[in-house]
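Chain and residue survey
Now for the letters of each chain:
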Amino acid sequence: MIENALLIGEQRRVLEALHQLEETQRKILFVTDDQRHLLGTLTDGDIRRWILGGGNLDGEIGAVCNREPYAAVGDHDREAIRDEMLARQITAVPVIDSEGRIVDMLFWEALFRDGHSPVEVPPLDLPVVVMAGGKGTRLAPFTQVLPKPLIPVGERTAIEVIMASFAECGVNDFYLSVNYKSRLIQAFFEERDLPYRLHYLHETQPLGTGGGLHALADRLEGDVIVTNCDVIIRADYHALVEHHRRENNDITLVVSLRNYDIPYGVCDIVDNGQLCAMREKPHYSFLVNTGLYVLRSEVLGRIPENQFYHLTDLIEDVRRDGGRVGVFPISDKAWLDTGEWHQYCEAMTRLA
């Protein structure tokens with residue numbers, strides 16, 4: 001059976017492909033012409049490498065895709081296809097005819113019903129720190145009653161949604177950095193039978209988005225994930241950590257694509273007030289910090305004790321001293337920000 005949602009033309013834009021990948025949940029698209037001749041394959045990893053290499057989101061898919069894809073031909077051997085799936089760690093294979101047209105698609109779950117996955121993913125055995133000490137003034141008046149982590153998002157609280165997404169990947173240890181209404185947060189979790197271990201970092205005073213991490217400077221080894229308590233990220237955490245380690249980064253920021261269309265003509269002027277150029281309804285794309293990071297635990301020792309200190313300060317300190325700070329791009333639809341009213345309402349709609 002051919003899933004049309006997995007087909008895309010080579011002249012479509014990279015940004016369109018990124019959104020289509022999210023909608024299909026298959027993590028792969030097959031690039032074809034109008035007659036369904038297979039021209040290549042496209043994954044989120046292909047797009048990520050394109051972005052990190054300076055590629056434009058308005059670029060054509062033909063410049064990004066894998067031009068030498070694996071495909072089954074004619075009367076295919078299912079056992080051989082299974083072996084290829086295991087070797088290539090893929091879950092979908094196109095079937096082409098003698099002229100290279102896609103005539104069918106083979107999916108792992110349909111071919112093999114033994115529950116075995118072609119991609120063996122070990123548990124993500126890393127500690128996750130949730131920065132949950134802020135007052136959440138942008139969500140007032142709710143946060144005058146409830147701390148921001150306990151604001152409901154659908155049928156659960158924001159912090160439950162965040163921690164559940166990591167727990168599903170095998171995370172067993174969470175550290176909550178708390179200050180504002182910390183007793184409410186603790187009381188909330190004390191009444192729950194948690195499938196993971198929960199530890200608290202108590203801030204006696206507001207310490208910013210990074211100051212509370214000093215308490216972990218001598219307690220953790222290896223890598224640690226740090227997240228704000230108001231961001232829900234739908235990303236492949238294993239791929240994130242793998243990217244962080246492959247790039248030998250001290251800090252990796254998860255960044256989201258943000259696209260803005262200006263509904264007016266934008267005027268550029270020179271010093272004497274004369275118009276030098278005018279751009280009609282321009283489109284801009286930016287990579288925006290989402291508030292999710294992977295850090296080497298060694299950098300936590302740079303954080304001053306009992307001082308107001310943001311994670312952005314740590315990033316600048318590491319960069320200034322020659323450390324490696326990289327980014328891991330995700331699409332705008334993979335980032336739900338619940339920290340402001342209009343974003344919170346949007347998140348509620350998307351999670352409904």
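Below is a summary of the structure that appears in this document. (Residues numbered from 1 in each chain as written. Predicted model: local features only at pLDDT ≥ 70, side-chain atom pairs only at ≥ 80, totals over all residues. Heavy atoms only, no water.)

1. Describing the overall build of the protein chain
Convention followed: Labels follow the DSSP assignment, with helices taken as runs of H or I lasting at least four residues and strands as runs of E lasting at least two, numbered in each case from the N terminus. Burial classification: accessible surface area is computed with a 1.4 Å probe over protein chains only, and a residue below 20% of its type maximum counts as buried, one above 50% as exposed, and the rest as partly exposed. Throughout, a contact is declared for two residues whenever any of their heavy atoms are within 4.5 Å. All accessible areas in this document rest on Shrake-Rupley with a 1.4 Å probe, and a residue is counted as covered only by the protein chains that are shown.
For the protein chain, the count of helices and strands is 9 helices and 19 strands. Put simply, the protein chain has 352 residues, and 47% of those count as buried. Restricting to contacts in the protein chain with at least 6 residues of sequence separation, those with at least 24 account for 68%. Surface accessibility of the protein chain: about 18,300 Å² in total, with carbon and sulfur atoms responsible for 48%.

2. Let's talk about the sheet that holds strand 4 (residues 72–73)
Paired through backbone hydrogen bonds, the strands of a sheet run either parallel or antiparallel to each other. Going by this rule: When DSSP finds at least two bridges between two strands, those strands are taken to pair. Note on method: axes are straight lines fitted to C-alpha atoms, helices fitted across the in-contact stretch only, with angles between N-to-C directions ranging 0 to 180 degrees.
Pairing is mixed across the open sheet formed by 3 strands, whose spatial order is 4-5-6. The open sheet is flanked by strand 4 and strand 6 (102–107), the only strands paired with a single partner. Here strand 4 runs beside strand 5 (residues 92–96); their pairing, made up of 2 bridges, is parallel. When the sheet's bridge partners are listed, Val 73 is paired in strand 5 with Ile 96. The strands touched by helix 3 (residues 78–88) are strand 4, strand 5 and strand 6; relative to strand 5, the strand with the most contacts, the crossing angle is about 135 degrees.

3. Quick look at unusual backbone geometry
Apart from glycine, the bulk of residues carry a negative phi angle, and the bulk of peptide bonds sit in the trans form. The phi torsion at Asn 248 lies on the positive side, around 55 degrees, for a residue other than glycine. Residue position: Asn 248 is located in the loop between helix 7 (237–246) and strand 14 (251–261). Positioned with a positive phi, Lys 281 is a non-glycine residue whose angle comes to about 45 degrees. Of note, Lys 281 is situated in the loop between strand 16 (275–280) and strand 17 (283–296). For Lys 281, a relative accessible area of 52% gives the class exposed.

4. Side note on the sheet that holds strand 18 (residues 325–330)
Ordered by their spatial adjacency, 7 strands build an open sheet running 11-10-7-12-17-14-18, and the pairing between neighbours is mixed. The two strands at the open ends of the sheet, each matched to only one other strand, are strand 11 (197–202) and strand 18. For this sheet, the mean inter-axis angle between neighbouring strands, taken without regard to orientation, is 30 degrees. In this sheet, strand 17 lies alongside strand 12 (residues 223–228) in antiparallel orientation, the contact comprising 5 bridges. Along strand 17, the bridge assignment pairs Thr 227 with Leu 292. Lying over the sheet, helix 2 (residues 44–52) contacts strand 14, strand 17 and strand 18, oriented at roughly 135 degrees with respect to strand 18. Each of strand 7 (128–132), strand 10 (173–178) and strand 11 is contacted by helix 6 (residues 182–190), which is oriented at about 170 degrees to strand 11, the strand it contacts most.

5. Here's the deal with the pairing of strand 17
Here 10 bridges tie strand 14 to strand 17, and the two strands are oriented antiparallel to one another. When the sheet's bridge partners are listed, Ile 251 is paired in strand 17 with Leu 295.

6. Observations concerning a nonpolar patch on the surface
To keep things clear, this is the line we draw: What makes a patch is a set of residues exposed beyond 30% relative accessible area and free of salt bridges, joined within 9 Å when like-charged and within 5 Å when nonpolar (Val, Leu, Ile, Met, Phe, Trp, Tyr). One side-chain nitrogen of Lys or Arg within 4 Å of one carboxyl oxygen of Asp or Glu is enough to make a salt bridge.
A cluster of nonpolar side chains, namely Ile 269, Leu 275 and Met 278, defines an oily patch on the protein surface of about 340 Å² accessible area. Secondary-structure assignment places Leu 275 in strand 16.

7. So, helix 8 (residues 311–320)
The criterion, for reference: Our arc is simply the arc of the directions from the helix axis toward the C-beta atoms.
The complete set of buried residues in helix 8 reads Leu 311, Leu 314, Ile 315, Asp 317 and Val 318. Seen from one end, helix 8 has its buried residues packed into an arc of 165 degrees, which puts them on one side. Each element contacted by the buried residues of helix 8 is listed here: strand 12, strand 14, strand 17 and strand 18. Gly 322, located one to two residues past helix 8, shows a positive phi value of around 90 degrees.

8. Digging into the state of the cysteines
Inclusion rule: Disulfides are defined in this document as cysteine sulfur pairs within 2.5 Å.
A complete count under the given rule lists 0 disulfides for this structure. Free cysteine: Cys 276, not disulfide-bonded; nearest cysteine sulfur from Cys 267 at 9.5 Å.

9. What about the pairing of strand 7?
The buried fraction of strand 7 amounts to 5 of the 5 residues, a majority that puts the element mostly inside the structure. Burial of strand 7 is two-sided: the residues Val 128, Val 130 and Ala 132 facing one way and the residues Val 129 and Met 131 facing the other way are all buried. Looking at chain direction, strand 7 and strand 12 are connected through 4 bridges and run parallel. Residue Val 129 lies in a different strand from strand 12, and its bridge partner there is Val 226.

10. Describing the packing of helix 1 (residues 14–24) against helix 2
A pair of packed helices is characterised by two quantities: the angle between their axes and the separation of those axes. The condition is simple: Note: crossing handedness is left-handed where the near helix turns anticlockwise from the far helix by less than a right angle, and right-handed where it turns clockwise. Throughout this entry, Asp, Glu, Lys and Arg are counted as charged residues, while Ala, Val, Leu, Ile, Met, Phe, Trp, Tyr, Cys and Pro are counted as nonpolar. The remaining residues, Gly among them, count as polar.
Close contact between helix 1 and helix 2 brings their axes to 10 Å; oriented N to C, the two are set at 145 degrees. Note on packing geometry: the crossing formed by helix 1 with helix 2 is left-handed. Between helix 1 and helix 2, the residues in contact are Val 14, Ala 17, Leu 18 and Leu 21 and Asp 44, Ile 47 and Trp 50, respectively. Of the residues contributing to the contact of helix 1 with helix 2, the split by class is 6 nonpolar, no polar and 1 charged.

11. Observations regarding the pattern of salt bridges
Counting across every chain of the model gives 22 salt bridges. For Glu 10, the salt bridge identified is with Arg 67, shortest N-O distance 2.8 Å. Placement of Glu 10 in the loop between strand 1 (7–9) and helix 1 and of Arg 67 in the loop between helix 2 and strand 4 is noted, with a sequence separation of 57 residues between them. Residue class for Arg 67 comes out partly exposed when judged on its relative accessible area of 41%. One salt bridge in this structure joins Glu 16 and Arg 13, with 3.8 Å as the shortest N-O distance. According to the relative accessible area criterion, Glu 16 is partly exposed, its value standing at 30%. A cluster of three or more residues bridged by salt bridges with shared partners is formed by Arg 12, Arg 13, Glu 16 and Asp 58.

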